[in-house]
Amino acid sequence: MRNKFTVLLSLLLTLLVVGSCGKKSGADEPKKIAVIISTLNNPWFVVLAETAAEKARALGYEAKIFDSQNNTALETDHFENAIASGFSAVLFNPTDADGSIVNVLKAKEAGLPVFCMDREVNSPEAATSQILSDSYSGCVTIGKYFVQQMNKKGKYVELLGLVGDNNTWARSKGFHSVVDNYPDLKMVAQQSADFDRNKAMEVLESVLQANPDITAVFCGNDAMAMGAYQALVAAGLANKVKVFGFDGAQDVVGSIKEGKIVATGMQYPKVMAQTAATFADEYFKGKRDFPKKMPVAVEMVNQQNVSDYLELAKN
Amino acid sequence: MLKKGIKYTVALILLLIVGYNSVYIKKLSEVKAAAATGKFDATLYAQTFWQEKLTPGLAKANNLPELLTLLKSDKENAFKNYSHALGIGNLRYFLIKGIGKITASNENDISVTLLPDSVGQEVKLATEFVYGNAVRDALGILSINDFSNTMDMNNVSAEINKKIRTEIIPPFRAQAKKSDVVAFTGAIELNQVHLRLDEIEVIPVSLNLIQK
């Protein structure tokens with residue numbers, strides 16, 4: 001009698017376990033989307049992460065944000081965790097264009113689509129789609145304005161971002177595709193300041209010692225533009241040297257209004273994040289023909305149109 | 001002892017087979033030629049696009065005065081039905097045509113007043129700063145999936161713009177003067193959120209003086 005009871009109890013428990021497992025993977029449970037971000041130590045990426053997660057939730061999915069802290073090893077852990085925990089897609093801001101490929105491929109092997117946001121991985125086949133600022137075209141527009149503001153002549157300095165970052169070169173190439181057609185515009189120095197404000201200040205201070213007669217600085221992002229401007233103020237050259245940035249950061253847009261910075265390129269992290277989440281939703285519904293790369297337009301902000309962008313930059 | 005000899009002989013043969021099949025020797029010129037075959041040729045692509053797509057496609061260009069009227073009265077309709085762009089965002093491109101009377105020949109552009117006179121709008125025909133994606137995108141027939149990477153797309157724009165700067169503009173600039181009437185086709189870039197119709201710049205595709 002007691003044996004019969006034990007067998008029945010075991011059967012019941014087994015049925016319960018099987019039943020609960022079935023429910024977990026059932027159609028009623030919302031799919032889970034992992035938002036894996038290079039770093040949340042930068043407000044720009046926080047906006048990217050939170051917008052992606054918000055949009056995913058608005059589309060009816062669960063969303064969880066993972067911070068890679070600019071560490072590819074930690075990023076690998078997040079991918080493994082996402083795969084093991086039953087996530088169905090990854091909205092991804094890579095830590096390293098080359099180093100992150102292996103993580104994307106791991107997800108792909110596990111059947112998870114990966115949608116890159118803002119930063120790309122150097123593999124055309126790894127990610128399902130990569131939604132990126134059109135940095136090249138944005139800097140073509142800035143390059144054109146640069147030539148106009150310089151009256152086609154003068155000495156200038158270019159401050160590059162991280163030399164290993166694809167955005168650094170897309171911006172530089174776009175700028176030079178215009179500016180290099182004007183032989184009287186002479187670049188006296190091209191140095192990396194790693195997208196960092198303090199480093200940009202130090203680099204420009206050093207460059208100014210040998211080249212006090214420059215009339216413009218083109219910077220690969222807005223943090224460097226602010227650092228360059230600080231160096232020019234310290235050297236008493238702020239009114240003589242034109243500074244150009246890229247990003248659309250609030251302090252630079254404010255500085256354009258005040259006449260301290262000449263122009264920047266406004267990027268749209270929210271558009272990139274929302275598009276990535278929408279693509280994931282479309283993927284779940286059966287779509288497969290996504291563009292490998294989807295450029296998002298960058299708009300130039302200058303003195304003439306800055307009032308259009310003051311509110312946007314705050315957000 | 002004999003068995004050992006057979007073992008070594010078999011191992012040597014296997015080693016030779018594996019070694020032989022692991023190494024391939026090709027002429028460097030053949031490898032370079034094969035790589036070049038797969039490389040995207042932006043110049044050729046731009047030339048073919050110009051001749052086979054853009055030139056016949058100009059027949060579909062929007063009449064600029066009519067487009068401006070629509071943009072003022074129903075912006076959403078104008079952007080939805082007549083603008084194109086390979087990417088996403090606020091910047092959109094229109095393929096346009098028009099006739100204008102030259103009011104000024106400037107260093108970097110030529111100002112024209114659109115005809116008929118009742119339109120009363122001045123636009124600029126770019127003659128110096130012909131850059132960007134307006135002409136590539138305005139026709140609306142290219143797809144982002146036509147390109148395997150974004151640099152190819154950028155290079156197509158660069159080649160189209162170079163053709164305009166070197167072949168279309170110089171003969172026109174050499175002849176055009178104030179009060180001449182010009183028939184033009186081209187592309188314009190407009191921001192659908194921050195729309196400004198008072199500073200329209202046309203990237204020209206064709207420029208013909210019809211009255212001097």
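The model shown is predicted, which means the values in this text are computed figures rather than measured ones.

Novice: Before we go on, may I ask you to explain helix H3 (residues 72-84) of chain A in this structure?
Specialist: Three- or four-residue spacings in an α-helix give side chains the same orientation, since the helix completes a turn every 3.6 residues. Residues and elements named next belong to chain A. A rise of 1.5 Å per residue sets the reference length of H3, with its 13 residues, at 18 Å; its end C-alpha atoms lie 18 Å apart and thus fit the reference within 8%. Residues of H3 that are buried: Glu75, Thr76, His78, Phe79 and Ala82. Down the axis of H3, the buried side of the element spans an arc of 160°, and every buried residue falls inside it. Considering only its buried residues, H3 is in contact with strand E1 (32-37), strand E2 (62-67), strand E3 (89-92), helix H4 (101-109) and strand E4 (114-117). Positive backbone phi, at 80°, marks Gly86, one or two positions downstream of H3.

Novice: Where do I start with the UniProt feature "domain: Periplasmic binding protein" (unreviewed entry) in chain A in this structure?
Specialist: In this numbering, the UniProt entry assigns the feature "domain: Periplasmic binding protein" (unreviewed entry) to residues 33-287 of chain A. Helix makes up 46% of residues 33-287 of chain A and strand 20%. Its end C-alpha atoms lie 17 Å apart.

Novice: Help me understand the domain arrangement of chain A in this model?
Specialist: Often, the extent of an interface is quoted as the loss of accessible area upon association of its parts. All names here are of chain A. Taken domain by domain, chain A comprises domain 1 (32-131 + 269-294) and domain 2 (135-268 + 303-314). Taken together, the contact pairs ten residues of domain 1 with five residues of domain 2. Interface of domain 1 and domain 2: buried area, both sides summed, is about 610 Å²; carbon and sulfur atoms make up 41% of it. Inspection of the domain 1/domain 2 interface yields zero salt bridges. Between the two partners, domain 1 and domain 2, sit five residue pairs in polar contact (both at pLDDT 80 or more). It is helix H10 (residues 269-284) that provides the largest number of residues to the side of domain 1 that touches domain 2, a total of four residues.

Novice: Explain the nonpolar core to me, please; I cannot follow it from the model alone.
Specialist: Where a protein is soluble and globular, its nonpolar side chains tend to be buried together. Counting residues in hydrophobic clusters, the biggest one holds 115 residues, and the most contacted among them are Leu91, Leu204 and Val217 of chain A together with Phe184 of chain B. Split by domain, this core shows at least three residues from each of two domains, domain 1 (32-131 + 269-294) and domain 2 (135-268 + 303-314) of chain A. Dropping the residues within four chain positions of it, Leu204 of chain A is found in contact with Val157, Ile214, Val217, Ala228, Ala231 and Leu232 of chain A. Core analysis: the second largest hydrophobic core is formed by 24 residues, Met150, Leu185, Phe218 and Ala263 of chain A among them.

Novice: Mind showing me how you'd approach the packing of aromatic side chains here?
Specialist: The description of an aromatic ring pair uses the distance of the two centres, along with the angle that the planes make with each other. All names here are of chain A. Across all of its chains, the model carries 19 aromatic pairs over all chains by this definition. On the basis of an interplanar angle of 45° and a centroid distance of 5.1 Å, the ring pair of Phe279 and Phe290 is categorised as tilted. Here Phe279 is found in helix H10, whereas its partner Phe290 is found in the loop between H10 and strand E11 (293-296), with eleven residues between them in sequence. Phe290 carries the same exposure label as Phe279, and that label is buried. Of note, Lys32 hangs over the ring of Phe87, and the distance from its end group to the ring centre comes to 4.7 Å.

Novice: Please explain the pattern of salt bridges as it appears in this structure.
Specialist: Side chains bearing opposite charge may pair, as long as their charged atoms lie close to each other. In total, this model carries 15 salt bridges over all chains according to the counting rule given. In this structure, Arg197 of chain A and Asp251 of chain A form a salt bridge, with 3.6 Å as the shortest nitrogen-oxygen distance. Taken together, the positions of Arg197 of chain A in helix H7 (residues 197-210) and Asp251 of chain A in helix H9 (residues 250-257) put the pair 54 residues apart, joining distant regions of the chain. A relative accessible area of 32% places Arg197 of chain A in the partly exposed class. Between Asp180 of chain B and Lys177 of chain B there is a salt bridge, and its shortest N-O distance comes to 3.7 Å. Here Asp180 of chain B falls in the buried class, since its relative accessible area comes to 2%. Several salt bridges converge on common partners, so that one network encompasses Lys152 of chain A together with Glu107 and Glu128 of chain B.

Definitions and limits used
Residues numbered from 1 in each chain as written. Chains lettered and ligands numbered in written order. Predicted model: local features only at pLDDT ≥ 70, side-chain atom pairs only at ≥ 80, totals over all residues. Heavy atoms only, no water. Helix = DSSP H or I, 4+ residues; strand = E, 2+ residues; numbered from the N terminus. Expected span 1.5 Å × (residues − 1). Buried < 20%, exposed > 50% of the residue type's maximum accessible area, 1.4 Å probe, protein only. Arc of directions from axis to C-beta. Contact = heavy atoms within 4.5 Å. UniProt positions renumbered as here; feature names shortened; annotations may be inferred. Domains from an automatic or database assignment. Buried area = accessible area lost by both parts, 1.4 Å probe. Salt bridge = Lys/Arg side-chain N within 4 Å of Asp/Glu carboxyl O. Polar contact = N/O pair within 3.5 Å; in protein donor to acceptor, adjacent residues only side chain to side chain. Core = buried A, V, L, I, M, F, W, Y, C linked by side-chain atoms within 4.5 Å. Phe/Tyr/Trp six-rings, centres within 6.5 Å; stacked < 30°, edge-to-face > 60°. Lys NZ or Arg CZ within 6 Å of the ring centre and 35° of its normal.

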